[in-house]
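Secondary and tertiary structure notes
Residue-level listing of the chains:
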Amino acid sequence: MRGGGDLPDPGPDTADAVGWWSRAAWLTLGGLVRGRAAQEAVSWSPFGVGYHGARWESVPLGGPAGSGDGASHRYSHGGPA
């Protein structure tokens, strides 16, 4: 997330196998951030479950990447490590 690029996605079969019920939200987030690097990011995996948190600059929908208004929003996700 810090380096930019597409958010990692193991695919639907792996998501189903590990019970990753929030994959749809993760993919939606990926569409919103459009490969931009996060301004802040943290990952940890207690007990074998991965948690990832990040903050991206807010960008108006339909606007070019990196053209935000300076506001920020926080998103987080718990999924396979």
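Residues numbered from 1 in each chain as written. Predicted model: local features only at pLDDT ≥ 70, side-chain atom pairs only at ≥ 80, totals over all residues. Heavy atoms only, no water.

**Focus on the pairing of strand S1 (residues 40-44)**
Relative to strand S2 (residues 49-57), S1 runs antiparallel, the two being bridged by 5 bridges. Considered in S2, the bridge of Glu 40 is made with Arg 55. (Pairing = 2+ DSSP bridges. Helix = DSSP H or I, 4+ residues; strand = E, 2+ residues; numbered from the N terminus.)

**A word on the environment of Gly 35**
Position of Gly 35 relative to the elements: it lies in the loop between helix H2 (23-33) and S1. According to the relative accessible area criterion, Gly 35 is partly exposed, its value standing at 24%. Considering only alpha carbons, one finds Gly 35 and Gly 4, 31 residues apart in sequence, at a separation of 5.2 Å. Not counting residues up to four positions away in its chain, the partners in contact with Gly 35 are Gly 4, Gly 5, Asp 6 and Gly 30. (Buried < 20%, exposed > 50% of the residue type's maximum accessible area, 1.4 Å probe, protein only. Contact = heavy atoms within 4.5 Å.)

**Observations regarding the environment of Gln 39**
Relative to the elements of secondary structure, Gln 39 occurs in the loop between H2 and S1. Taking the C-alpha atoms as reference, Gln 39 lies 7.4 Å from Ala 54; in sequence the two are 15 residues apart.

**Considerations on H2**
Because each turn of an α-helix spans 3.6 residues, side chains separated by three or four positions in sequence point in the same direction. Those residues of H2 that fall on the buried side of the exposure criterion are Arg 23, Trp 26, Leu 29 and Val 33. Viewed end-on, H2 has its buried residues packed into an arc of 115 degrees, placing them on one side of the element. Residues Ala 24 and Ala 25 are exposed on H2 and point more than 90 degrees away from its buried face. Positioned one or two residues after H2, Arg 34 has a phi angle of 45 degrees, which is positive. (Arc of directions from axis to C-beta.)

**A few points about the confidence of the model for the protein**
Per-residue confidence for the protein gives a mean pLDDT of 78; residues scoring 70 or more make up 74%. Across the protein, the element-wise mean pLDDT spans from 49 in strand S3 (residues 72-80) up to 92 in helix H1 (residues 12-18). pLDDT under 50 marks residues 66-75. Its contacts with residues more than four places away, or in other chains, come to 32 contacts. (pLDDT = per-residue confidence, 0-100.)

**Topic: the pattern of salt bridges**
Tallied over the entire structure, the rule returns 2 salt bridges. Between Asp 9 and Arg 23 there is a salt bridge, and its shortest N-O distance comes to 2.7 Å. Residue Asp 9 is found in the segment before H1, and its partner Arg 23 is found in helix H2; the two are separated by 14 residues along the sequence. Judged by relative accessible area, which is 34%, Asp 9 ranks as partly exposed. (Salt bridge = Lys/Arg side-chain N within 4 Å of Asp/Glu carboxyl O.)

**As for the nonpolar core**
Counting residues in hydrophobic clusters, the biggest one holds 10 residues: Leu 7, Ala 15, Trp 20, Trp 26, Leu 29, Val 33, Ala 38, Ala 41, Ala 54 and Trp 56. Listing elements by their share of this core, those giving two or more residues are H2 and S2. Of the residues forming this core, the biggest block, 3 residues, is contributed by H2. Every residue in contact with Ala 38, bar those within four places of it in the chain, is listed here: Met 1, Arg 2, Ala 54, Arg 55 and Trp 56. (Core = buried A, V, L, I, M, F, W, Y, C linked by side-chain atoms within 4.5 Å.)

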